[in-house]
Amino acid sequence: MIDIEILKSSLEGNGFISSVIYLDEVNSTNTYAKNKDIPIDSLIVTDLQSEGKGRLGRKWLTEKQSNLTFSIKKKLPLSPAENQFAVFYFSYYLYSAVKNYLSAALTSQETEELQIKWPNDILFNWKKLSGILIESVLPEGIYIIGIGLNCNQTGFPKEINAVSLKQITGNEIDLTNLLLNIIKEFSVHFSELENENFGYIYNNWKKSTKIIGKDCEFQINNEKAKYGKISDLNEDGSISIQYNDQIVNYFSGEVKLTGIK
Ligand code: BTN
C-alpha cells in the first residue's frame, strides 16, 4: 500500500516533482497525464489501472496494490531526433535505483543478473521486472514517462516470463520507500539530461545490457518474425540485427531472446 502523505511531503516542491496525484483506480496513469490538465512535473500514482498500456499497443496488467504503476509528466529539452535519450536516461536510472535497492538483499554477484533490454525493459535473470512507456506531446516537448515495476506480485501468466522484486529477494517490498528512491535517482542526475550529456547517458545505458551477441527473434508491426543475432545498440536509439547476409537497424519493434534458458 502506498503512503500518499509520505510521498507528498517528501516530493512536492523538491524541484523535480511539483505535485503528487494519487488515484485509487484509473484507466492508465499515462493516459491521465496526457489528457488531463495537470501541471508539468506531476507524478501520477495509482493502486490499479483498468487499461494499463504497454509498448507496441500491448496491455500492461498488474494486481491491485501489489506493484508500482506511475507516470511522470516532464518537459524535456530534446529535439525529435533526441527522443531516445529520454528512453536511455529513464531506463538507466530506474535500473540503477532498482540495483541499489536489491543490493541490500542480494550479493553483488546476484545483482549482476539485473540488466536493461532494448529499448527500456528491466530484466532480472532474463525475466521481465519492469517496463517503461514514454509518450511525447510535441512540439511542446512534454513527455509522459510511465513505469510499471513488479514488486509484490508473486504469480504471473507463464507466457509473459515476468518476475517481481519479492520473488527475487523473498521480502515484502515497501512501495512508498522504493518509489521515493526511484524518484530521487531521476532527480539527482537530471542535470545530465538538461545539460545534454547525451554520450554519457548512452554509454551508461549500453553498459547495463547483456543482449549484444545474443540470438533473437525480431518482429516489427505484424510482419513475420525474423531470426538473427543482436550485433549492436546504437546512440540513435536503433538496434542492429545481423541476419545471414546483412545487418539491419530498427528503431522500433519487439526483440525476443532465443536460446536463453
Ligand atoms: C512495456 O513494457 O510494454 C511498457 C509498460 C509500461 C507500463 C506503465 S504502468 C504506468 C504507465 N501507465 C500505463 O498505462 N503504462 C505505463
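Presented here is an overview of the structure given in this document.

### Comments concerning unusual backbone geometry
Along the chain, Trp118 connects to Pro119 via a cis peptide bond; the corresponding omega equals -5°. Mapped onto the elements of the fold, Pro119 is located in the loop between strand 4 (114–117) and strand 5 (121–124). Cis rather than trans, the peptide bond between Leu138 and Pro139 has omega equal to 10°. Mapped onto the elements, Pro139 comes out in the loop between strand 6 (127–137) and strand 7 (142–149). The phi angle at Asp41 is positive, at roughly 75°, despite the residue not being glycine. Checked against the element boundaries, Asp41 lands in the loop between helix 2 (29–35) and strand 2 (42–46). Positive phi is not limited to glycine here, since Leu56 has a value of about 55°. As for its position among the elements, Leu56 is in the loop between strand 2 and strand 3 (68–75). What makes Leu56 partly exposed here is its relative accessible area of 47%.

### Quick word on the sheet that holds strand 1 (residues 19–23)
Spatial strand order, 1-2-3-7-6-5-4: 7 strands in an open sheet with mixed pairing. Of all strands in the sheet, those with a lone pairing partner are strand 1 and strand 4, marking the two edges. When strand polarity is set aside, the average angle formed by the axes of neighbouring strands in this sheet is 20°. Pairing geometry for strand 2 and strand 3, over 4 bridges, is antiparallel. By the bridge assignment, Ile44 is partnered in strand 3 with Ser71. Across the face of the sheet, helix 1 (residues 4–11) comes into contact with strand 1 and strand 2 while running at roughly 165° to strand 1.

### What to know about the pairing of strand 5
Burial of the side chains of strand 5 extends over both faces: Asp121 and Leu123 are buried on one face and Ile122 and Phe124 on the other. Note: strand 4 against strand 5, 4 bridges, orientation antiparallel. Directly across from Ile116, in strand 5, lies its bridge partner Ile122. As defined by bridge partners, strand 5 adjoins strand 6 across 3 bridges and the pair is classed as antiparallel. For Ile122, the partnering residue across the bridge sits in strand 6 and is Ser130.

### Concerning the layout of surface pockets
Roughly 1,100 Å³ of volume is contained in the largest pocket. Every residue lining the largest pocket is counted, 43 residues in all, and those nearest its centre are Lys128, Glu159, Ile160, Asn161 and Glu254. Of all the secondary-structure elements, those providing two or more residues to the lining of the largest pocket are helix 2, strand 3, strand 5, strand 6, strand 7 and strand 12 (254–257). Sort the elements by how many residues they give to the lining of the largest pocket and strand 6 lands first, with 5 residues. Partitioned by chemical class, the residues of the lining of the largest pocket number 15 nonpolar, 16 polar and 12 charged. Considering only enclosed or pocket space, the second largest pocket measures out at about 420 Å³ in volume. Where the lining of the second largest pocket is concerned, the elements lending two or more residues are helix 3 (84–102) and strand 6. With 5 residues, the single largest contributor to the lining of the second largest pocket is strand 6. The residue inventory of the lining of the second largest pocket, partitioned by class, reads 12 nonpolar, 6 polar and 3 charged.

Conventions and cut-offs
- Residues numbered from 1 in each chain as written.
- Predicted model: local features only at pLDDT ≥ 70, side-chain atom pairs only at ≥ 80, totals over all residues.
- Heavy atoms only, no water.
- Helix = DSSP H or I, 4+ residues; strand = E, 2+ residues; numbered from the N terminus.
- Buried < 20%, exposed > 50% of the residue type's maximum accessible area, 1.4 Å probe, protein only.
- Pairing = 2+ DSSP bridges.
- Axes fitted to C-alpha atoms, helices over the stretch in contact; angles between N-to-C directions.
- Contact = heavy atoms within 4.5 Å.
- 1 Å grid on protein atoms, 1.4 Å probe; cavity = no way out; pocket = protein on both sides within 12 Å on 5 of 7 lines; lining within 4 Å.
- Points joined across faces, edges and corners; volume = space filled by probe spheres on them.
- Nonpolar A, V, L, I, M, F, W, Y, C, P; charged D, E, K, R; others polar.

By themselves, these figures tell us nothing about what the structure is for.
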